[in-house]
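Okay, here's what each chain looks like letter by letter:
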Amino acid sequence: MIHKTIIEPFKIKSVEPIQMSTEAQREKFLKDAHYNPFLLSSDQVIIDFLTDSGTSAMSANQWAGIMNGDESYAGSSSWKKMENAVQSLTGMEFILPTHQGRAAERIIYSHLGGKGKTFISNTHFDTTRANIEFSGAEAIDLLIPEGKNPAQIYPFKGNMDTGSLVKTIQEKGAKNIGAVILTVTNNSGGGQPVSMENTKEVSRICKENGILFLLDCCRVAENAYFIKIREKGYTDKTAREIAVEMFSLADGAVMSSKKDALVNMGGFLALRDNEIADACKNLLIITEGFTTYGGLSGRDMEALAIGLEEIFDPNYLEYRIKSTTYLGEHLDKAGVPVMVPIGGHAVYIDAKKLYPHIPVHEYPGQALVCELYLKGGIRSVEIGSVMFGKYGEDGKLIPAAMELVRLAIPRRVYTQSHIEYVIETFNEILATAKDVRGYKITREPKFLRHFTSHFEKIS
Ligand code: F0G
């Protein structure tokens, strides 16, 4: 059989210009942004791989849906469409619309959390951890050891360490566990998938101990595709059927719809339990909006309902996962230390390995993020000790487990030639790696410091 290129399974109907810039211009832009790409303005960026969140290109069908948005305060028909779409996917009865994922997180974790409570996840995403800790509870990550080694090939590096889960439940006492949360795919751990087998085991342990089991499901379609191609017994199932099965194992789900629901803004909380749903609805009304729109416009809900269907298109999912893999494998071949196997929504680079001469307290990931911007106008994000580092009582940095940089790929936005340009930029990054210096933080907030911290280059 002749191998054919996996092409983008869409044509482009509307375009958005990219502002080109020179390296000299970018030097100045970056200095003015205090060496934190979050503080750049988007027209200073050529390829924006900061996030796959809220950056999807909507389809013609979704844009048509926008015009059908019903903006009624109560009982909007667009809400009915969204509610139906989420119920039929999750099999859960109570659906609460929110303006994005963290709004749903704040609601559920402020209800379930509080001092003395523990939450356990494969890896809590940063906003998840922040919402849990803000409630006074603690958040523990129990990823399998394979998931912590960027160079180790393993099909489901997002899996939870179920042995440690059982042990932690015994130590803490089941009644003190607020919830167990599986993040699918595991964003902070490299966009790595969780297997159905692992989900079943986590579900079983939770049931046995009477603990609530939640899915952080913002990339559940991508996770389902990985199960389809990697897990025994799932080849002949559709990605949607696999996702439905995964939801059937959980008591609730939190979704940032800005990822796999292909919308620019939106989220939801889905629950089976009437009492928890009622308590959460109170919080929803106080802080987001009435139960039939939460934080969303009618048009947003319309687009979300359509996006949740489109995401499971087999041609789309094949193109999505294979094009992310294409970027990752080409970088790997060029000698860039990437996390393997390549995840679903992003390619993760091991900055500690790329810059072994930069110690962790000088943030090798931040150095790479800055280099990518300078050399190619590519914006990426550090997922290492800037994002997850803490200070000990002695004021010294307790580094994150890994120093990764994420190239998150917006859905349906960039073409093959954009990707080739990124690969070429990395050849320059490799050639100059030895000369790159670390950074120090000159200003930082208390929570989620990566968003707004200021940095200075260490000379
Ligand atoms: N959970 C996961 C696994 C996420 O990746 C995110 C967001 C959230 C929850 C929160 O959702 O942004 O809608 O409030 N991740 C984005 C990212 C920000 O870039 O990975 P949100």
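All values derive from a computational prediction rather than experimental measurement.

J.: Could you give me a rundown of the pairing of strand β3 (residues 118–121), with the residues and numbers involved?
T.: The side-chain alternation of β3 yields two buried faces, one formed by T118 and I120 and the other by F119 and S121. Summarising the sheet, β3 and strand β4 (residues 138–141) pair through 4 bridges and their orientation is parallel. Looking at the pairing, S121 lines up with D141 of β4. Handedness of the β3-helix α5 (residues 126–134)-β4 crossover: right-handed.

J.: So what's going on with unusual backbone geometry? Residues and values would help.
T.: Following V184, the chain continues into T185 via a peptide bond in cis, with omega recorded as -20°. Within the element layout of this structure, T185 appears in the loop between β5 (177–183) and α7 (196–209). Put simply, V340 and P341 share a cis peptide bond, and its omega is -10°. Within the fold, P341 resides in the loop between α12 (314–334) and β9 (346–350).

J.: Describe the site of the ligand, and please don't skip the residues or the numbers.
T.: Close contacts around the ligand come from 17 residues, with T51, R102, D216, S256 and K259 the closest. The backbone of G101 places a nitrogen or oxygen atom 2.8 Å from an oxygen atom of the ligand. S256 places a side-chain nitrogen or oxygen 2.6 Å from an oxygen atom of the ligand. Here the ligand has 470 Å² of accessible area as a free molecule, and 94% of this is covered by the chains. Broken down by element, the residue count for the shell around the ligand peaks at 3 residues, all from helix α4 (residues 101–112). In the shell around the ligand, the residues fall into 2 nonpolar, 8 polar and 7 charged.

J.: Go over the pattern of salt bridges, please, and point to the residues and values.
T.: Across all of its chains, the model carries 23 salt bridges by this definition. When the shortest N-O distance is used, the salt bridge between K28 and D32 registers 2.7 Å. In this pair, K28 and D32 are both assigned in helix α1 (residues 23–32), 4 residues apart and thus about one turn of the helix distant. Here D52 and R411 are joined by a salt bridge, their closest N and O atoms 2.8 Å apart. One end of the pair, D52, is in the loop between β1 (47–48) and α2 (60–67); the other, R411, is in the loop between β14 (404–408) and α16 (416–431), with 359 residues separating them in the sequence. For the residue pair D52 and R411, the accessibility class agrees, reading buried in each case. Each of D52, R219, E222, D260, R320 and R411 takes part in salt bridges that share partners, so that together they form one network.

Reading guide: rules and limits
Residues numbered from 1 in each chain as written. Predicted model: local features only at pLDDT ≥ 70, side-chain atom pairs only at ≥ 80, totals over all residues. Heavy atoms only, no water. Buried < 20%, exposed > 50% of the residue type's maximum accessible area, 1.4 Å probe, protein only. Helix = DSSP H or I, 4+ residues; strand = E, 2+ residues; numbered from the N terminus. Pairing = 2+ DSSP bridges. Right-handed = clockwise from strand over helix to strand, strands pointing away. Near = heavy atom within 4 Å. Polar contact = N/O pair within 3.5 Å; in protein donor to acceptor, adjacent residues only side chain to side chain. Areas by Shrake-Rupley, 256 points an atom, 1.4 Å probe, with all protein chains shown as cover. Nonpolar A, V, L, I, M, F, W, Y, C, P; charged D, E, K, R; others polar. Salt bridge = Lys/Arg side-chain N within 4 Å of Asp/Glu carboxyl O.

Without other data, these values stay purely geometric and don't point to any function.
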